[in-house]
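Observations on chain architecture
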There are 4 protein chains.
Amino acid sequence: MGYHFSDLTDACQNDWRAYIEHDFVRSLGDGSLDPAAFRHYLQQDYLFLIHFSRAYALAAYKSHDLAELRHAFEGLKTILDVELGLHVGFCREWGISEDDLAKLPEARATLAYTRYVLDTGSRGDLLDLHVALAPCLVGYGEIANWLNTRRETVRGDNNPFDAWIAMYESDDFQGAMQDEVAWLDARLAEVTPERFARLTSIFRDATRLEIDFWQMGLDRAD
Amino acid sequence: MGYHFSDLTDACQNDWRAYIEHDFVRSLGDGSLDPAAFRHYLQQDYLFLIHFSRAYALAAYKSHDLAELRHAFEGLKTILDVELGLHVGFCREWGISEDDLAKLPEARATLAYTRYVLDTGSRGDLLDLHVALAPCLVGYGEIANWLNTRRETVRGDNNPFDAWIAMYESDDFQGAMQDEVAWLDARLAEVTPERFARLTSIFRDATRLEIDFWQMGLDRAD
Amino acid sequence: MGYHFSDLTDACQNDWRAYIEHDFVRSLGDGSLDPAAFRHYLQQDYLFLIHFSRAYALAAYKSHDLAELRHAFEGLKTILDVELGLHVGFCREWGISEDDLAKLPEARATLAYTRYVLDTGSRGDLLDLHVALAPCLVGYGEIANWLNTRRETVRGDNNPFDAWIAMYESDDFQGAMQDEVAWLDARLAEVTPERFARLTSIFRDATRLEIDFWQMGLDRAD
Amino acid sequence: MGYHFSDLTDACQNDWRAYIEHDFVRSLGDGSLDPAAFRHYLQQDYLFLIHFSRAYALAAYKSHDLAELRHAFEGLKTILDVELGLHVGFCREWGISEDDLAKLPEARATLAYTRYVLDTGSRGDLLDLHVALAPCLVGYGEIANWLNTRRETVRGDNNPFDAWIAMYESDDFQGAMQDEVAWLDARLAEVTPERFARLTSIFRDATRLEIDFWQMGLDRAD
């Protein structure tokens, strides 16, 4: 017993690095990413956010007390009242109208990751759900930090994707990420080895589906 | 086809009147209600609100598009950011501390109605869920209006429960109630007779469990 | 850590005894129960079994591996392929036709307990669900055993309810009950004190709702 | 109003043909399929069946009456008591032991389709769930029939995959498929155009994820 979130990333080291250091991420960092690939990613990420909202709503529904309920609600509120608006604005800057967004077909990689998260949460408990969400919430913060350690990364006006990195290195996002790790650490401290093995399997599958999400962007796959 | 919300209350007329015109309601209206019964009701209504929040979270999770998601979210936000605070304040005025509220055991009538609503929503779709919630949301508004038609009803400082009536006759609440009826009317217009029969059964059971909730208050039942 | 199922009954001793030794049970044991009360109970128990089936189906849906899935499936199969048929036969002997059963309105006590179990399972995990089911599955076996220890209990042709006691003292039912206790013991051995407190609250609420189910029979309440 | 199942396949004609006539299917039909590809497919199909069981359990949980409950239960029973055993035997003939099956990692295409079906069912109602399952249940029967119309298809001992075709052309399977189409036709007859559009979107996404499942076999993708 006495597990931490870092035990999950350690247990899935190959998949975790393949996700954090994906070619999509690298080329976004050095500014060489095909803008069409970025646009495809942005569009699908909009659909992703809608299902992400559903996942937080599911967490609220499954809460055992008012504190858990408020915790999930704050996550949902952040997505619906803040992030979706930012995302729509971001899309607009990249030439994608809200009308385009409303008509998007969902790519397979979006279907796969979002529904995996939702089924994991519906089938299991709040901890299962949070572990399935962690590659996204914690991973994006870690990706911004990793990019900032790389010599190849270009920041400022010379990188058209600079605003993306700025968003995930921001104090707001990094704070949310640290809160999530703390929440997970508190619960992982008490799970049995058998449960940890199951959570590892969830974390690995979710990370693999995040890798596919990057790849979908690169391939502009539907 | 072409049903309206009023067809539900018409189909359950006896139960609906027994709920709207319950002795708890009448004595609350004329000021003769035992304050201990009102306090018991207020305490259980606090627990009720927590599960009501879960029901709106469930509606958000089950939404099919962003419009449905935002609609459910606004309901959830109203409960968690507004109503719960008002309720806690109201309880304080009646001598019930937030600490008391946190330690309350749930009365059977609270368990029964809230879990019936939640199971109905989980088992069925958004319309099933809204129909199960309607006796509460629409009923409380109708109760305030009915009390205001009664000669026996006492308003103002001579009725210790005046603030309760004021809350549900308020423009805010009456507006929310009318929106809900409009939402239901739009969907009921398109259901088949077989589906309407099933929705009637949900509406009747939910109304019966609301009657029990009043009775629990009167009896101070646990 | 290291909890057992008996810790749940110990923690809820008053409610547990009130359930096991309820007047409905006592008078069923000594043969003095009003046949109309028994018939009312039998009818509602039929509706109960349908939702009990839904609870086992929910357990199957929430399973994490094939072993858990088969375990839940065997429970579901027993209800649908064996118990429902026995129950319908039993009802027939007491003058209740299958046609009557199909048209029954659900009593409040039936709504309350069944929906509480289903919401508990949907909100939580398999252990939450099994703990909510335990007052029924384990309790009925324990009731048969307790009746057999009482001097007042009448067995054989002099007690019109003898077949009911025989059903729950049978090796089949007692075996199923012991399996369930073993399943619960294995899982309770590993829960934290905080989790155990939550499970105790589920077990107590479920037991209270079982008490209401007996009372509903006695009162022939709808 | 007045839709039929064939309206769904008509509305998704390109995806539906791409699924039914996929290269995996063609080469299975003419015997040229790489046995390693078939083995990979068989392994993942085993994991698929487990989640398929969960989908039928979900249908049982969401049932509104005993008839719906028994209908879902019969589906579940067929998978757990018949199909899984047949599948394990089939795997054995292809050199895959039950021990291998128990340790398989789930391929992305398996995660994607199964979780999509399960989330669709949990989010919506029984009809949504059945429409998401239809590409599998109806599609496999249609594939067997299509193969039998092709000159290129080889039957008998000269095709190592002959038993696979035989399974899905069998009276048992074709009967189950026709029952499912009849069930869907009865419900689609009563849906509104708006609902039909949403069901079409579910059917299309599920079909696309089935295409990926064939492709995963061909590519031996993980």
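Thresholds applied
- Residues numbered from 1 in each chain as written.
- Chains lettered and ligands numbered in written order.
- Predicted model: local features only at pLDDT ≥ 70, side-chain atom pairs only at ≥ 80, totals over all residues.
- Heavy atoms only, no water.
- Helix = DSSP H or I, 4+ residues; strand = E, 2+ residues; numbered from the N terminus.
- Buried < 20%, exposed > 50% of the residue type's maximum accessible area, 1.4 Å probe, protein only.
- Contact = heavy atoms within 4.5 Å.
- Areas by Shrake-Rupley, 256 points an atom, 1.4 Å probe, with all protein chains shown as cover.
- Lys, Arg positive; Asp, Glu negative; His and termini not counted.
- Charge placed at Lys NZ, Arg CZ, Asp CG, Glu CD.
- Least-squares fit on C-alpha atoms with pLDDT ≥ 70 in both.
- UniProt positions renumbered as here; feature names shortened; annotations may be inferred.
- Phe/Tyr/Trp six-rings, centres within 6.5 Å; stacked < 30°, edge-to-face > 60°.
- Lys NZ or Arg CZ within 6 Å of the ring centre and 35° of its normal.
- Salt bridge = Lys/Arg side-chain N within 4 Å of Asp/Glu carboxyl O.

**Points about the overall build of chain A**
- Looking only at helices and strands, chain A has eleven helices and zero strands in total.
- Along the chain direction, N to C, the helices and strands of chain A fall in the order α-α-α-α-α-α-α-α-α-α-α.
- Here the C-alpha coordinates of chain A stretch approximately 50 × 40 × 30 Å along the principal axes.
- The buried share of chain A, taken over its 222 residues, is 61%.
- Pairs at least 24 apart in sequence give 83% of the contacts found in chain A among residues at least 6 apart.
- Counting every atom, chain A has about 8300 Å² of accessible surface; 48% of that belongs to carbon and sulfur.
- Counting 21 positive and 38 negative side-chain charges, chain A places the averaged centre of each group 4 Å from the other.

**Some words on the relation of the copies chain D and chain A**
- Note on the identical chains: chain D maps onto chain A by a rotation of 180° and an axial translation of 0.0 Å, with an RMSD of 0.0 Å. What the superposition gives is, in effect, a two-fold axis relating one chain to the other. Looking at the rotation axis and the C-alpha trace of chain D, the residue lying nearest is Ala-112 of chain D, at 2.1 Å.
- A share of 100% of interface residues in chain D that are also interface residues in chain A marks the association as one of identical surfaces.

**Thoughts on the UniProt feature "domain: Thiaminase-2/PQQC" (unreviewed entry) in chain A**
- The UniProt record marks residues 13-219 of chain A with the feature "domain: Thiaminase-2/PQQC" (unreviewed entry), using the residue numbering of this structure.
- Here residues 13-219 of chain A runs as 82% helix and 0% strand, with 24 Å between its end C-alpha atoms.

**Some details on the packing of aromatic side chains**
- Evaluated as defined, the whole model comprises 102 aromatic pairs over all chains.
- A cation over a ring is seen here: Arg-187 of chain A above Trp-183 of chain A, with NZ or CZ 4.0 Å from the ring centre.

**Digging into the relation of the copies chain B and chain A**
- With an RMSD of 0.0 Å, chain B superimposes on chain A once it is rotated by 180° and translated 0.0 Å along the axis.
- By residue overlap, the copies meet face to face through one surface: 100% of the interface positions of chain B are interface positions in chain A.

**A closer look at the pattern of salt bridges**
- For the coordinates displayed, the defined rule picks out 72 salt bridges over all chains.
- With a shortest N-O distance of 2.9 Å, Lys-77 of chain D and Asp-81 of chain C are connected by a salt bridge. Note that Lys-77 of chain D is positioned in helix α5 (residues 66-93) and Asp-81 of chain C in helix α5 (residues 66-93), a pairing that runs across two chains.
- Residue class for Asp-81 of chain C comes out partly exposed when judged on its relative accessible area of 38%.

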